[in-house]
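Remarks on the overall topology
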Amino acid sequence: MSEPSLSLAPRPAPRPEAAEVEALHAVFQAWFLGELDDLGACERRLAPGFELVSPAGERLGRGQLLELLRGGKGRRRGEDFAIRVEAVRARRVCQSLSS
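Residue indices begin from 1 for each chain and proceed along its sequence in written order. In keeping with the model being predicted, local features are shown solely for residues with a pLDDT of at least 70 and side-chain atom pairs are shown and tallied solely at 80 or more, while totals for entire chains, interfaces and linings include all residues. Only hydrogens and water are removed before side-chain values are computed, so all heavy atoms of the structure are retained for them.

1. Digging into the environment of aspartate 37
For the record, the criterion: Secondary structure elements follow DSSP: runs of H or I of four or more residues count as helices, runs of E of two or more count as strands, with numbering from the N terminus. Residue burial is assigned from relative accessible area. The probe radius is 1.4 Å, only protein chains are included, and a residue is buried under 20% of its type maximum, exposed over 50%, and partly exposed in between.
Among the secondary structure elements, aspartate 37 is positioned in the loop between α1 (16-32) and α2 (40-45). Of the residues examined, aspartate 37 reaches a relative accessible area of 69% and is grouped as exposed. Linking aspartate 37 and glycine 74, residues 37 residues apart in sequence, is a C-alpha distance of 9.5 Å.

2. Side note on helix α3 (residues 62-71)
Convention followed: By definition, the arc is the one covered by directions from the helix axis to the C-beta atoms.
Buried within α3 we find Leu65, Leu66 and Leu69. Within α3, the buried residues cover an arc of 95° as seen down the axis, which keeps them to one side.

3. Considering the nonpolar core
We apply this condition: What we call a nonpolar core is a set of buried Ala, Val, Leu, Ile, Met, Phe, Trp, Tyr and Cys residues that are connected through their side-chain atoms within 4.5 Å. Here, residues are in contact when the closest pair of their heavy atoms is within 4.5 Å.
By size, the foremost hydrophobic cluster in this structure holds 15 residues, and its most contacted members are Phe28, Cys42, Leu46, Leu65 and Leu69. Among the secondary structure elements, those contributing two or more residues to this core are α1 and α3. No other element matches the 4 residues that α1 contributes to this core. Contacts of leucine 65, omitting those with residues within four sequence positions, involve Phe28, Leu46, Phe50, Leu52 and Leu60.

4. Side note on the side chain of histidine 25
Locating histidine 25 in the fold gives a position in helix α1. Under the relative-accessibility criterion, histidine 25 is labelled buried at 19%. Not counting residues up to four positions away in its chain, the partners in contact with histidine 25 are Leu52, Ile83 and Val85.

In structure tokens:
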């Protein structure tokens, strides 16, 4: 009986948008756990038209998200708390170039 063959084919590289979303959620998790003191870097990374879609499907604009984060600093300290990211999808946003 022959042994099953193993595929050593390289795994596809992570998509840049997925890596960005995962990094941002790692900041959120650290913030809620009280492991960060400043949201400045996070604020600078979020574009003015930024939107986050919550697990419940609710859309939060940049200002709403930052307000939620500021109010939640350390709220999960000492808890077994983690944020998991799944099914990241990029969407094309087009803006008119005409004035």
